[in-house]
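These are the residues of each chain, in order.
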Amino acid sequence: MAFILMLAGLAAFFALALIEARLVVWGLVAIGFAAIWQVIVGGGFNPSGLGLFVYIPGILMLLLSVPLIRRLVLTAPIYGAVKKILPRVSSTEQEALDAGTVGWDAQLFSGKPDWSQLLDIRKPVLTAEEQAFMDGPAEEVCGMIDDWDTRHNRADMPDAVWTYLKENRFLGMLISKEHGGLGFSAQAQSMIVSKVACRSIAAGISVMVPNSLGPGELLEKYGTDAQKDKYLERLATGKEVPCFALTGPHAGSDAAGMRDAGVVCYGEHEGKEVLGVKLNWDKRYITLGPVATLLGLAFNLYDPENLLGKGTDVGITLALIPTKHEGVNIGRRHYPSRSAFMNGPNSGKDVFIPLDWIIGGTDYCGQGWRMLMECLSTGRAISLPAIGTVSIKQALRVTSAYARIRRQFSIPVGMMEGVAEPLSRIVKDAYMFEGSRAATAAMVDEGQKPSVISALLKYRTTQAMRDRLDDAMDIHGGRAVCDGPSNYLFSAYQAVPVAITVEGANILTRTLITFAQGALRAHPFLYSEISAAQNENKSEGLKAFDKAFAGHTAFMLRNITGSLFHNITFGAFASSPSTGPLKTHYQQLHRYAQSFALVGDWTVVVLGGDIKRKQMLSGRMADILSDLYLWSTTLKRYEDDGSIAEDLPIVEAIVADRKAAIEKNFLDVFANFPNGLMRFVMRRLVFPFGAHATASPDRVNYKLAKAVLKHSDQRDRLTRDLYVSFDPEDRTGVLEDALIKVEEAADAEKKFIRALKKGMLNRRLDRDAIEDAVDQNIISHNEAGLLRAADEATDNAIRVDDFAPDELAKIARKPQKGDHIAAE
C-alpha cells in the first residue's frame, strides 16, 4: 500500500505541475495526501504530536498562497537578489520590445502550443486585383529585364524599366489607395518583390526598399496630414524616389549609437526666420540614395534651450529632406558585391531644416527609434525573406532542369547520388522557406508585428540562400562559374553577402537578437519580472514581481515534468490538431517545443545579464527556435496546400532534418552550459534515453531529387510564383525549352544510349551518330528528329559565354602618364 500511495503521490505531483496548479491547490492536495498516508500506512489519523510533521509541507504551501505572507517571507529576498541578476533593458531595447507583438513565437516559448495560433493564420491568397497585378505588370516587367545588361553594361536598370516601375506604382505598393498607392497586402508585396527579384536581384531590391523601411511607411503611420498630402501620392507614382539614412560609419548593427546630431535653433528658411533644426550627419550603405529625391534621416535631437519643452536630450528623431536642399551631399555610389542596385553614402554639415520636416511633427520628436522598430518588425518580415526564398526557388527551377538535360557518363547528372544530395537540399528548402515566408507575411496582414519571427526568418532565409546557391553552383560547375549574358545564377550568388548583411547582420541577428530579445518578448513571465525589477517604486515592483514569480515557478515545474513525461513517452501523449498523416509530426513538434521551453527558461534564469555576452549559447538557442518555427510553418503549408499526398515525403524529410538539427544544438548547448549541475539535469530531462534523431535518409533524398527532373505539377508547386519563360532565346527559357525536348526524346534516347554502351555507335564531332543510328535501324527517322531537337536545345542550354579579349572593358580608360599607347 505504501508503494501504491507513493506512485499515487508522484502521479498527483505530475498532474498538478502539468496543469500549473495554484499554490493553494498544492497545499490542499498535500494535506489530503498526508491524511490518507496516516490512515492507511500509519494506522490512523493523527494531526497532533509527531504526526503533525507530515502536514507541515501542505500548511506551508497554504500560508505561502497568501500574497502578503509570501511577499514578506519569500518573494522580497528573491526580489532583491534578482534585481542584481536579471539583465537590464536599455531605453532603445525597451522601445524595440514594445514595438513588436508576439504570437506563434510565444506559443513555442511556452512549450504548450495552442495550435489554433498557427493554423488560424490566413492562407496565402491574393485578391483579384493583386493577382491581376502579378499576372500583368509584374510579369511584363520581368520580361523587360536584361540582368546582364543591368549589372554589367549599365550598373543600373534601364530608363525604360525604371519608368515602367514608377508608372505602374511598384514603388507604392504599401501606400494606401487613399493616398495614390496600390494598397496591397503584405502577402502581395512579398510575392511581387519575389517575382521581380527572380529576374534581377537589383530590380527586386529597388522595388523592395521603398515598400519596406522608409519614408512611405513612416508617413503612412506617423506623418502629419500635410506631409501625407505633400508626399505620399508623389512617392506612390515615382515622382519622388525615397531612401532612408540610418546606418553610419560608427553605427552599424548598433544603430542606436549613431553620432548624427540635430540641434533645435532658429534659422532662415525661404527668407524667414523660423524654429528648426541644424543637422550634421554622415551616413553610408543607403539603398536608392544615389537616385533619391527625398531623404529620410535618423539623428539624435538635442534642444539645449529646451525650446520644444521636451528636455535638452530629446532622442532619436526622423526627418524628411529633399535631396536638393542646400547642404545635402548625396549622389556618390557604393558597389556592394558588384550588384547594380543603387546604394551610396550621404552627409550634411550645418543643414538647417524647419520643424515641419520632422516626420509626424514635433509630437514625434524623440520617438524615432520606436517608429523605426515598429516599421522594421513588419518590413523585415516581408523584404529579405522574399529575396532569400525566391533565390532558393529559382535555383531549384534552373538546377532541376539543368541536372536532367546535362549528361555525364551517359546519364543525366541529376541521377547521380552525389548530385542528387545537394539537389534534394534545394528541394526541401524551397518547400520549407516558401511556407515560412507565406505564413509570416500573413501574420503582418493580420495586424501582427512579428519582430522576433522576422529576425529569425531574415537570418535563416538569407543563410539558406547562400547555402542553396552554393549547391546550385556546384551542380552547374563551369556553366555557372563563367559569367555572361546567359548566366542565370551568378547575379544572385554575387548578391548573397548583401542579403546576409543588410537589415541586421546575420551574425548578430542570430547571436544577440533572436533568442535574447525573443526570450524577453515571448517568454510568459520573464519580461514582467524584469519590468518589476526595474520599477522605481519598490512596493509596486515587489507586488508585480510576486505575481510574475508565482507564475514563473509554476511554469518551471510544468517544464520539468512536461519535458520528462513527453521525452520518456517519445511524445506519444503530446497534443496534435490533426488525426491524419501529420499527427505524429505535430506531437513531436509539441515534444521538442516543451524541451525548448525548459532549456530556454533555465538558460535565461542561470545566465541572467550574461545572456548578452554568452552569444554562442544564445545563437544555438536561436537556431533551435528558428528550426521549431520552420518545422511548424512546413506543416501549415502542407495543410494550406490541401494536403497533397505527393508532397508528404518532402514534409517528412524536412521534419527529420529539423529534428536532427534541434537535437544537435541541444547537445551543443548542454556541452557548453556554464553550470555543471544544470547541464546534467537538463540533459537527463531532454534526452533520458539519449539523442537518436537522424536527418532524412539517402534513399528519401534521392527520390526527392529524382522527382523534380521533369516538368510536373510538383515542380511547379515548389517553384510557384516565379517568372517562367519557355522562350529558347531567354536565359532561363532555354532550360525549359531543352527540358521539354529532352523529355519528348526520352524513349529514343534510351535506345540511342543503349547502342552507345554496346559500342554500336560512336559520338564524334566528325560523324553524325544519330544518322548512323537510323542507318542501323536503332531508331526511326521520327525519333532521330526528336533526338536532334533535344541535342540542339541541350547544346544551347549548356553553352557558356565567351568574349573577345577587350570586350569586357565596359568603359574606355583615359590614358595615364606612363601608359604605352600603340599607334593605330
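Residues numbered from 1 in each chain as written. Predicted model: local features only at pLDDT ≥ 70, side-chain atom pairs only at ≥ 80, totals over all residues. Heavy atoms only, no water.

K.L.:
I would appreciate a short explanation of the overall build of the protein chain in the present structure.
P.N.:
From N to C terminus, the protein chain includes 32 helices and 9 strands. Here the C-alpha coordinates of the protein chain stretch approximately 115 × 85 × 55 Å along the principal axes. The buried share among the 824 residues of the protein chain stands at 55%. When contacts within the protein chain are restricted to residue pairs at least 6 apart in sequence, those whose partners lie at least 24 apart make up 75%. When the accessible surface of the protein chain is totalled, it reaches about 35,300 Å², and 55% of it is carbon and sulfur. When the 91 positive and 96 negative side-chain charges of the protein chain are each reduced to one mean point, those points stand 6 Å apart. (Helix = DSSP H or I, 4+ residues; strand = E, 2+ residues; numbered from the N terminus. Buried < 20%, exposed > 50% of the residue type's maximum accessible area, 1.4 Å probe, protein only. Contact = heavy atoms within 4.5 Å. Areas by Shrake-Rupley, 256 points an atom, 1.4 Å probe, with all protein chains shown as cover. Lys, Arg positive; Asp, Glu negative; His and termini not counted. Charge placed at Lys NZ, Arg CZ, Asp CG, Glu CD.)

K.L.:
How should I be thinking about empty space enclosed by the protein in this particular structure?
P.N.:
In this approach the atoms are scanned with a rolling probe the size of a water molecule, which exposes any empty space left behind. Applying the stated criterion to the full structure yields 8 cavities of 30 Å³ or more. The wall of the largest cavity is formed by 16 residues, among which Ala-197, Cys-198, Gln-394, Tyr-488 and Ala-492 lie closest to the centre. Per-element tally for the lining of the largest cavity: the top contributor is helix H15 (residues 368-405), with 4 residues. Residues that form the lining of the largest cavity fall into these classes: 9 nonpolar, 4 polar and 3 charged. (1 Å grid on protein atoms, 1.4 Å probe; cavity = no way out; pocket = protein on both sides within 12 Å on 5 of 7 lines; lining within 4 Å. Points joined across faces, edges and corners; volume = space filled by probe spheres on them. Nonpolar A, V, L, I, M, F, W, Y, C, P; charged D, E, K, R; others polar.)

K.L.:
How do you make sense of the packing of aromatic side chains when you look at a structure like this?
P.N.:
Any aromatic ring pair is given by two values, namely how distant the centres are and how the planes are angled relative to each other. Applying the stated rule across the entire model yields 22 aromatic pairs. Consider the rings of Trp-115 and Tyr-586, whose centres lie 5.0 Å apart with planes at 75°: the pair is edge-to-face. Of this pair, Trp-115 sits in the loop between helix H6 (104-110) and helix H7 (116-119) while Tyr-586 sits in helix H23 (residues 583-607), and the two are 471 residues apart along the sequence. Members of the aromatic cluster, connected to one another through ring pairs, are Phe-133, Tyr-164, Phe-170 and Phe-184. A cation sits over an aromatic face here: Arg-637 above Tyr-431, 4.1 Å from the ring centre. (Phe/Tyr/Trp six-rings, centres within 6.5 Å; stacked < 30°, edge-to-face > 60°. Lys NZ or Arg CZ within 6 Å of the ring centre and 35° of its normal.)

K.L.:
Is there a simple way to explain the side chain of Asn-567 in this structure?
P.N.:
If you trace the backbone, Asn-567 turns up in helix H22 (residues 538-568). Of the polar contacts made by the side chain of Asn-567, one reaches the side chain of Ser-595; its length is 3.2 Å. Not counting residues up to four positions away in its chain, the partners in contact with Asn-567 are Arg-591, Ser-595, Leu-685, Val-686, Pro-688 and Phe-689. (Polar contact = N/O pair within 3.5 Å; in protein donor to acceptor, adjacent residues only side chain to side chain.)

K.L.:
What is the right way to read the environment of Ala-15 from this model?
P.N.:
Inspection of the secondary structure puts Ala-15 in helix H1 (residues 2-18). Measuring from C-alpha to C-alpha, the distance between Ala-15 and Asp-149 comes to 67 Å, with 134 residues separating the pair along the chain.

K.L.:
Is there a simple way to explain the pairing of strand E3 (residues 272-287) in this structure?
P.N.:
Along a regular strand, successive side chains alternate from one face of the sheet to the other. Both strand E2 (residues 261-269) and E3 contribute to a ladder of 9 bridges, which runs antiparallel. Its bridge partner lying in E3, Val-264 is registered against Val-277. Following E2, the chain reverses through 2 residues before pairing antiparallel with E3; Glu-270 in that reversal takes a positive phi of roughly 55°. Across 9 bridges, the pairing between E3 and strand E7 (residues 343-354) is antiparallel. Each bridged residue has a counterpart across the sheet, and for Ile-286 the counterpart in E7 is Gly-344. (Pairing = 2+ DSSP bridges.)

K.L.:
Whenever I open this one, the packing of helix H16 (residues 417-445) against helix H27 (residues 698-707) confuses me. Can you help?
P.N.:
Packed helices, taken two at a time, are described by the angle between their axes plus the distance between the axes. Two elements in contact, H16 and H27, have axes whose closest approach is 8 Å; the angle formed by their N-to-C orientations is 80°. Considering the angle they form, H16 stands roughly perpendicular to H27. Touching Glu-417, Ala-420, Leu-423, Ser-424, Val-427 and Lys-428 of H16 are Asn-701, Tyr-702, Leu-704 and Ala-705, all from H27. Across the contact of H16 with H27, the residue classes break down as 6 nonpolar, 2 polar and 2 charged. (Axes fitted to C-alpha atoms, helices over the stretch in contact; angles between N-to-C directions. Parallel < 35°, antiparallel > 145°, perpendicular 65-115°, else oblique.)

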